[in-house]
Amino acid sequence: MDHFLYRDGALFAEDVAIAEIAAAVGTPFYVYSTATLLRHFRAFDEALEGMDHLVCYAMKANSNQAVLKTLAQAGAGMDVVSGGEYRRARAAGVPGDRIVFSGVGKTRDEIRLALEGGIRQFNVESEPEMIILDAIAQELGVVAPITVRVNPDVDAKTHAKIATGKSENKFGIPIARAREVYAMAATMKGLDVIGIDVHIGSQLTDLTPYEQAYQKVAELTQTLRDDGHTITRLDLGGGLGIPYERSNADPPLPSDYGAMVKRTLGHLDCEIEIEPGRLIAGNAGLMVSEVIYVKSGEGRDFLIIDGAMNDLIRPAMYDAHHDIIPVIEPAAGIEPQPIDIVGPVCESGDTFAKQRLMPPLAAGDLVAFRSAGAYGAVMASEYNSRPLIPEVLVKDDQFAVIRARPTFDEMINRDTIPEWL
């Protein structure tokens, strides 16, 4: 469920008309719903009720400070994968003991930043990382809490570019080598081994791969405890999918996921961490764009909009589907017609949809891309020297610009011309 609905024929974000925001900030832009963000976070939090747990928002999905602060004030921790994300989390008021540091390529500077600033744990992905982390921790005179990310070799049955739990993926340590790696970690004075980490991919629409992975984690927990390790925390990653296509069956609910976690891991008496990102932010956002032209082609028509692949890369990068709806609700009985929806970037890949059934639209009309709150603004670029588009947050009947569109002068003046020119 989200809070983007038609009222009297016009699309609203909570109690604010989308057309009102467009008039104020210009198009294209992203708009996020506070009520939807909080509803989705609480759905996960309530799904694990009765277990010691922390929901750590995977902020790579959407790292705007206002989004982070909204979730942090509701009790969320943060899952970060870079020093920049760590700094963003701290700037949003998240204490270090609610920040988990993931990622395969943590640099020495990033490790030092988190150790000095405070961290809940590092999810360690390799022996070389473990060695560096131990050395820096000892140099600083601290002990780094860690989990080791194990790769369970489970096929998440998702897009190849967002699968992370198979043996050929770059993430984690093969689960068959876990005992060896944990034994190595136990000898390091700068590390405190507290648990196990696993993450198998993103946009999962079936709980079966999760259950297979978590059963392996449960077995590993018992084995490591038998080896003398104190395993008190299980970081289960994120990845639960969202319904990008409204016509398709909905993915499992957080409540279904929570019941499965309790069934497979509840007997271990471990604190549970989960790291949802897409399911919290995805359906909490729209990208709104204006029609520039309607163009007739050879055997097909084109709806050319002012949003482009640099603003929302998912269709070009992943062949991803986004429902696209008019901001003014079509009148009853209007027959939709197939049309290609494209942007103005000089690439054939700047195509959002092919032969999508849409009601008749004209230049100046507004369209909204649903499920654009995750991996939209954070993956945007200034390709074709197009400014990053504004982000807007709505709460009830209020809205605020939470990232402004840069001016062309601001973009150009970031370049420096060498003195010989």
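Within each chain, residue numbers correspond to sequence positions counted from 1 in written order. In keeping with the predicted nature of the model, local features appear solely for residues at pLDDT of at least 70, side-chain atom pairs appear and are counted solely at 80 or more, and the whole-chain, interface and lining totals rest on all residues. Computation of side-chain values covers all heavy atoms of the structure but excludes hydrogens and water.

Of note, alanine 89 is situated in helix α4 (residues 83–91). Residue classification places alanine 89 among the buried residues on the basis of a relative accessible area of 0%. If we skip the residues at most four places from it in the chain, alanine 89 touches Met59, Leu68, Met78, Val80, Val94 and Ile99. Strands are runs of DSSP state E lasting at least two residues, helices are runs of H or I lasting at least four, and both sets are numbered from the N terminus onward. A simple rule labels every residue: compare its accessible area, found with a 1.4 Å probe on the protein chains alone, to the largest value its type can have, and call it buried under 20%, exposed over 50%, or partly exposed in between. Residues count as neighbours in contact if any of their non-hydrogen atoms are within 4.5 Å of one another.

Here, nonpolar core refers to any group of buried Ala, Val, Leu, Ile, Met, Phe, Trp, Tyr and Cys residues whose side-chain atoms link them within 4.5 Å. Counting 98 residues, the largest nonpolar core has Phe122 and Tyr257 as the members making the most contacts within it. Beyond its immediate sequence surroundings of up to four residues, tyrosine 257 is in contact with Phe44, Leu207, Tyr210, Tyr214, Leu236, Gly237, Leu240 and Ile274. Counting residues in each nonpolar core, the second largest holds 18 residues, with Val16, Ala22, Phe29 and Val327 among its members.

In this section: the pattern of salt bridges. By convention in these notes, a salt bridge is any Lys or Arg side-chain nitrogen within 4 Å of a carboxyl oxygen on Asp or Glu. Taken as a whole, this structure holds 17 salt bridges when the rule is applied. In this structure, the salt-bridge partner of arginine 370 is aspartate 2, at a minimum N-O distance of 3.2 Å. Here arginine 370 is found in the loop between β19 (366–369) and β20 (391–395), whereas its partner aspartate 2 is found in the segment before β1 (4–7), with 368 residues between them in sequence. By relative accessible area, which is 12% here, arginine 370 ends up buried. What makes aspartate 2 buried here is its relative accessible area of 9%. Arginine 414 is the salt-bridge partner of glutamate 382, the closest N and O atoms lying 2.4 Å from each other. Of the two residues, glutamate 382 is situated in the loop between β19 and β20 and arginine 414 in the segment after α12 (408–412); the sequence distance between them amounts to 32 residues. One salt-bridge network, held together by shared partners, links Arg120, Arg233, Glu271 and Glu273.

Turning our attention to helix α3 (residues 65–73). Buried within α3 we find Val67, Leu68, Thr70, Leu71 and Ala72. The backbone nitrogen of alanine 66 has a side-chain oxygen 2.9 Å away, supplied by the residue at the start of α3, namely asparagine 64. Polar contact is the term for a pair of N or O atoms within 3.5 Å; when the atoms are in protein, one must be able to donate a hydrogen and the other to accept it, and sequence-neighboring residues count only if both atoms are side-chain atoms.

Glancing now at the packing of aromatic side chains. The pairing test for Phe, Tyr and Trp rings, Trp by its six-membered ring, is centres within 6.5 Å, and the orientation test on the planes gives stacked under 30 degrees, edge-to-face over 60, and tilted for anything in between. The tally for this structure, following the rule as stated, stands at seven aromatic pairs. On the basis of an interplanar angle of 20 degrees and a centroid distance of 6.0 Å, the ring pair of phenylalanine 101 and phenylalanine 122 is categorised as stacked. Taken together, the residues phenylalanine 101 in strand β7 (residues 99–101) and phenylalanine 122 in strand β8 (residues 121–124) connect sequence positions 21 residues apart. Here phenylalanine 101 and phenylalanine 122 have matching classes, each one buried. Between tyrosine 214 and tyrosine 257, the ring centres sit 6.3 Å apart and the planes meet at 75 degrees, which makes this aromatic pair edge-to-face. Highlighted residues: tyrosine 214 in helix α8 (residues 208–226) and tyrosine 257 in helix α9 (residues 254–265), separated in sequence by 43 residues. A residue is classified by how much of its surface remains accessible, and tyrosine 257, at 3% relative accessible area, is buried. Lying across the ring of phenylalanine 302, lysine 295 places its NZ or CZ 6.0 Å from the centre. Think of it as a cone above the ring: NZ of Lys or CZ of Arg counts as a charge over the ring if it is within 6 Å of the ring centre and within 35 degrees of the ring normal.

Our next topic: the sheet that holds β1. Pairing between strands is defined by DSSP: at least two bridges between the two strands are required. The three strands are arranged β1-β2-β3 in an open sheet whose pairing can be described as antiparallel. Two strands close off the open sheet at either side, each with one partner strand: β1 and β3 (16–17). Two elements, strand β2 (residues 10–13) and β3, share two bridges in a ladder whose sense is antiparallel. Counterpart to phenylalanine 12 in the pairing with β3 is alanine 17.

What follows is about the pairing of strand β17 (residues 337–342). Alignment of strand β15 (residues 301–305) against β17, held across three bridges, turns out to be parallel. Opposite isoleucine 304, over in β17, you have valine 342 as the bridge partner. Bridge count for β17 against strand β18 (residues 351–358) is five bridges, and the pairing is antiparallel. Across the sheet, residue proline 338 finds its bridge partner in β18, namely leucine 357.

What follows concerns a nonpolar patch on the surface. A cluster of nonpolar side chains, contributed by Ile417, Trp420 and Leu421, occupies part of the molecular surface with about 480 Å² of accessible area. On the secondary structure map, isoleucine 417 appears in the segment after α12. Exposure remark for isoleucine 417: the relative accessible area of 66% places this residue in the exposed category. Each patch groups residues whose relative accessible area exceeds 30% and which form no salt bridge, using 9 Å between like charges and 5 Å between nonpolar side chains of Val, Leu, Ile, Met, Phe, Trp and Tyr. In these tables, accessible area is a Shrake-Rupley quantity obtained with a 1.4 Å probe, and a residue counts as shielded only by the protein chains included in the view.

A word on α4. Regarding α4, the residues found buried are Gly83, Glu85, Tyr86 and Ala89. Axial view of α4: buried residues confined to an arc of 160 degrees, hence all on one face. With respect to the buried face of α4, the exposed residues turned more than 90 degrees away are Arg87 and Ala91. Each element contacted by the buried residues of α4 is listed here: α3, β6 (77–80), β7 and α5 (108–117). After α4 finishes, the residue glycine 93 shows a positive phi value of roughly 95 degrees. The arc under discussion is defined with respect to the helix axis, by the directions toward the C-beta atoms.

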